[in-house]
Amino acid sequence: MSSRDLVLGRLRAALTVGAHGPVEVPRDYRHAGPRDLDQLVERLTDYRAHVHRVADAAVADTIADILPVGGTVVVPPGLPSAWLPPAVTVLPDEGLDNGRIGAADAVVTGVAIAIAETGTIVLDGSPDQGRRVLSLLPDRHVCVVRADQVVATVPEAVARLTPHRPLSWISGPSATSDIELIRVEGVHGPRQLHVILLP
Amino acid sequence: MPATAPAGVGQLRGEEPFPAAARRSLADPQLRRNLRHATTTIRGKSAAVIAEAPDWEQLRAAGAAVKADTIARLPELLEQLEAKVTEAGGVVHWAADAVEANRIVTDLVRAAGTDRIIKVKSMATQEIGLNEALDSAGITPVETDLAELIVQLGGDRPSHILVPAIHRNRAEIRDIFLRAMPGVDPSLTDDPAALAAAARHYLRKTFLSTPVAVSGANFAVAETGTLAVVESEGNGRMCLTLPETLITIMGVEKVVPTWRDLEVFLQLLPRASTGERMNPYTSMWTGVTPGDGPQAFHLVLLDNGRSAVLADEVGRQALWCIRCSACLNVCPVYERTGGHAYGSVYPGPIGAVLSPQLTGVAENTSLPYASTLCGACYDACPVKIDIPELLVHLRAEVVESRRRPTAESIAMAAAAHTMDRVGWYEAAQRAARLSRLAGRRGRGLPPPLNGWTVSRDLPDAPAETFRDWWARR
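Counting restarts for each chain, with residues numbered from 1 along the sequence as it is written. Here the convention is simple: chains get letters from A, ligands get numbers from 1, in the order in which they are written. Local features in this predicted model are restricted to residues of pLDDT 70 or higher, and side-chain atom pairs are both shown and tallied only at a pLDDT of 80 or more, whereas totals for entire chains, interfaces and linings draw on every residue. Water and hydrogen atoms play no part in the side-chain values, which are based on all heavy atoms of the structure.

**Observations regarding the overall build of chain B**
- Comment: elements are numbered from the N terminus, with helices defined as DSSP H or I runs of at least four residues and strands as E runs of at least two. Secondary structure summary: chain B contains 22 helices and ten strands in total.
- Taken along its principal axes, the extent of the C-alpha atoms in chain B is 95 × 55 × 50 Å.
- The contact rule is simple, with two residues in contact once any of their heavy atoms fall within 4.5 Å. Taking all contacts inside chain B whose residues are at least 6 apart in sequence as the whole, residues at least 24 apart take part in 76%.
- Summed over all atoms, the accessible surface of chain B reaches about 18800 Å², with 54% contributed by carbon and sulfur.
- When charges are counted, Lys and Arg contribute as positive and Asp and Glu as negative, whereas His and the chain ends are disregarded. To locate a charge, take NZ of a lysine, CZ of an arginine, CG of an aspartate or CD of a glutamate. In chain B, which carries 50 positive and 53 negative side-chain charges, the distance between the mean positions of the two groups comes to 8 Å. Note on areas: Shrake-Rupley with a 1.4 Å probe; residue coverage comes only from the protein chains shown.

Okay, structure coming up:
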């Protein structure tokens, strides 16, 4: 007998004991809430992300301020070019190797969605966000969030996302609390998370 | 037939009973200080973010219902998960027990042509003793979670589900790094940021050069075939993204029916576990994605005693557990003894009910007693597992599983026999009255029953029984 049949057989036999049946799941928890950009900013800041609230036209200047002078920036293939300041070296991801991605000063991405109550941004691999590795190896992650991408709650986010895409939910920069429960930012992922929030 | 987890492999059985192991940790003041600090801190953080969620009780009720529903339909959900993962380009393996799971992983690693793997912290791989199995097959497993790395380099064992090195303070961690981390800077200080940076430096090259990673899973969605791992450090994202081959091992109970169910657990888990509104990183993937991440994905579905847990109508709710560890942090027993005393990778209240069920209670008889039944664990559980009820249920099973009669069981059986027979009963009462004259008043019972009266007062037999009094009237 295959292990598949063995395991499934054991589980079926186990369920012949006792009463059980389909269980109705109560869904009376909160599903949606008002879009509260101030709350998003507060929660992101609480997780030690840097938040910049600027107008559309100011994205490039804001990024220039975040980066070291003459820095290098990895960008996913579909990133709006207007976001990038002129004085940086841009590395478009056309199959960049991990060494070059990791050595860059920053990556700039868009986001799929942001959740105000939890201070979370979600990337789903769309062209303005790119492969997962892009937002993982560089030490700074700069992401641009439009106000209409912000939802209040986790259920709203789950309803809007597509499960078949690779998803990265990011709440603040990489962090550990494994040593005496003292929070330290930047273990293996980016040490800095910058969120540029547009109106 | 349901089968329990096999002995001789993995980490579900302690080498000594809980009371003996607990006595040793109780005598370690440093350990108790570290534990008290940690559990108190996490409790406070967790309470604060739970208070922010006005619908916490509704979320708990939904979480419990999803889990009850999952368990009732486990075989069909697993078949659905298998179909969806396969459809998305993954390969599904079934492991009846720890031995088989270890063999599957070892074979997959060998087939990938490497002798080193990187690992995301995972309870399932600790449960089956994967690291030991890989070591003996000549494959080096590298733990990448900071706490697991501390445990691995220290030649130690994890003592908490969430923060495995909770029993170590910064000075101890510095010493471990200086002793065991290759290439470490000898001037390393015990500042937590410096220690984390040392781990980052040590692991970066390993992340970038190791072709196979092994992870566990927090959730697997039957409806879509989507797997989810929650973490903080980014070591999880590294392992789930960089290698060519990803092997994920999950207990069969980790499946949830629908994509939408994640909206419940992604709120419950971080708040109950680390006391955060959301953990820094949650990764979700479905099979393989061309051009992004591992191009080979293997999912190992593990039984290892879970079917035996499922076969117990009362005990099966232990399978609802989402490994948040909230019950550890509120438990007065765990806070004083620490995780090692439980002898299993699952310590604390949930470990006291899960481990004996996975192994069969006869092999873990002391754990159902490792509790005061105060009920704090039930209140803290985000999926409402009634751990005190399970403890009592398992204590009864322990009593029944004992083959050799104890002095207590002989006495009780003798009492039952006597009370069934009026003549014997009257004689026994006269004998009890005689004991007043036999000089044992206030000194308890004679051996071997004196264990009973060491911690209890033995009431004096009355001068006249009710039956004598009634007859006299």
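**Quick word on the packing of helix 9 (residues 170-180) of chain B against helix 10 (residues 192-209) of chain B**
Residues and elements named next belong to chain B.
- Relative to each other, helix 9 and helix 10 sit at 30°, their axes nearing to 11 Å. The angle between helix 9 and helix 10 falls in the class roughly parallel. In this structure, helix 9 meets helix 10 at a crossing whose hand is left-handed. Residues Arg170, Ile173, Arg174 and Phe177 of helix 9 form the contact with helix 10, whose own contacting residues are Pro192, Leu195 and Ala198.
- The class makeup of the residues in the contact of helix 9 with helix 10 is five nonpolar, no polar and two charged. Orientation is described by axes fitted as lines to C-alpha atoms, over the contacting stretch for helices, and by angles from 0 to 180 degrees between their N-to-C directions. For this classification, under 35 degrees means roughly parallel, over 145 means roughly antiparallel, 65 to 115 means roughly perpendicular, and everything else is oblique. Here a crossing is taken to be left-handed if its near helix is turned anticlockwise relative to the far helix by less than a right angle, and right-handed if that turn runs clockwise. For this classification, the nonpolar set comprises Ala, Val, Leu, Ile, Met, Phe, Trp, Tyr, Cys and Pro, the charged set comprises Asp, Glu, Lys and Arg, and every other residue, Gly included, is treated as polar.

**A few points about the sheet that holds strand 4 (residues 212-215) of chain B**
All names here are of chain B.
- Strand pairing requires that DSSP identify at least two bridges connecting the strands. Strands sit in the order 1-10-7-4-2-3 across an open sheet of six strands; the sheet is parallel. The sheet terminates laterally at strand 1 (91-95) and strand 3 (140-143), the two strands that pair on one side only. Strand after strand, the sheet turns through a mean of 25° between neighbouring axes, direction not considered.
- Bridging between strand 2 (residues 116-119) and strand 4 involves two bridges; their strand directions are parallel. Each bridged residue has a counterpart across the sheet, and for Ile118 the counterpart in strand 4 is Ala213.
- On top of the sheet, helix 10 reaches strand 2 and strand 3; it is set at about 115° to strand 2, its chief contact.

**With respect to the interface of chain A and chain B**
- Counting from both sides, the interface comprises 71 residues of chain A and, opposite them, 90 residues of chain B.
- Salt bridge, as applied in this entry: a Lys or Arg side-chain nitrogen positioned within 4 Å of an Asp or Glu carboxyl oxygen. Seen at the junction of chain A and chain B, the total is twelve salt bridges.
- Of the charged contacts in the structure, one is a salt bridge between Asp55 of chain B and Arg30 of chain A, with a shortest N-O distance of 3.3 Å.
- Two N or O atoms form a polar contact when they lie within 3.5 Å of each other; inside protein one atom must be a possible hydrogen donor and the other a possible acceptor, and for residues adjacent in sequence the pair counts only when both atoms belong to side chains. There are 39 residue pairs in polar contact (both at pLDDT 80 or more) connecting chain A and chain B.
- Elements represented by at least two residues in the side of chain A that touches chain B include exactly helix 1 (3-14), helix 2 (37-46), helix 5 (154-160), strand 9 (167-170) and strand 10 (175-176) of chain A.
- Top element by residues in the side of chain A that touches chain B is helix 1 of chain A. It accounts for nine residues.
- Here the side of chain A that touches chain B is built from residues that sort into 34 nonpolar, 19 polar and 18 charged.
- Summarising the sheet, strand 9 of chain A and strand 9 (residues 281-286) of chain B pair through four bridges and their orientation is antiparallel. Bridge pairing in strand 9 of chain B links Leu167 of chain A to Met284 of chain B.

**Some remarks on the pairing of strand 6 (residues 120-123) of chain A**
All names here are of chain A.
- Three exposure classes are used, based on accessible area relative to the maximum for each residue type with a 1.4 Å probe and protein chains only: buried under 20%, partly exposed in between, and exposed over 50%. Judged by which residues are buried, strand 6 turns out to be covered on both faces: Thr120 and Val122 on one side and Ile121 and Leu123 on the other are all buried.
- Where strand 5 (residues 113-115) lies against strand 6, three bridges are found, and the strand directions are antiparallel. Its bridge partner lying in strand 6, Ala114 is registered against Ile121.
- Connecting strand 5 to the next strand, strand 6, in antiparallel fashion are four residues, including Gly119 with a positive phi near 65°.

**What to know about helix 3 (residues 59-66) of chain A**
Residue and element names in this part refer to chain A.
- Taken residue by residue, helix 3 has Val59, Ala60, Thr62, Ile63 and Ile66 as its buried positions. One side of helix 3 carries all its buried residues, which in axial view fall inside an arc of 160°. Residues Asp61 and Asp65 are exposed on helix 3 and point more than 90 degrees away from its buried face.
- Against the buried residues of helix 3 lie strand 1 (50-53), strand 4 (106-110), strand 7 (140-146) and strand 12 (192-198). Here the arc refers to the directions that run from the helix axis out to each C-beta atom.

**Section: helix 1 (residues 18-26) of chain B**
Residue and element names in this part refer to chain B.
- Along helix 1, the residues classified as buried are Phe18, Ala21, Ala22 and Ser25. Viewed along the axis of helix 1, the buried residues span an arc of 100°, placing them on a single side of the element. Exposed and oriented more than 90 degrees from the buried face of helix 1 are Arg23 and Arg24.
- In this fold, the buried residues of helix 1 make contact with helix 2 (29-52) and helix 15 (332-337).

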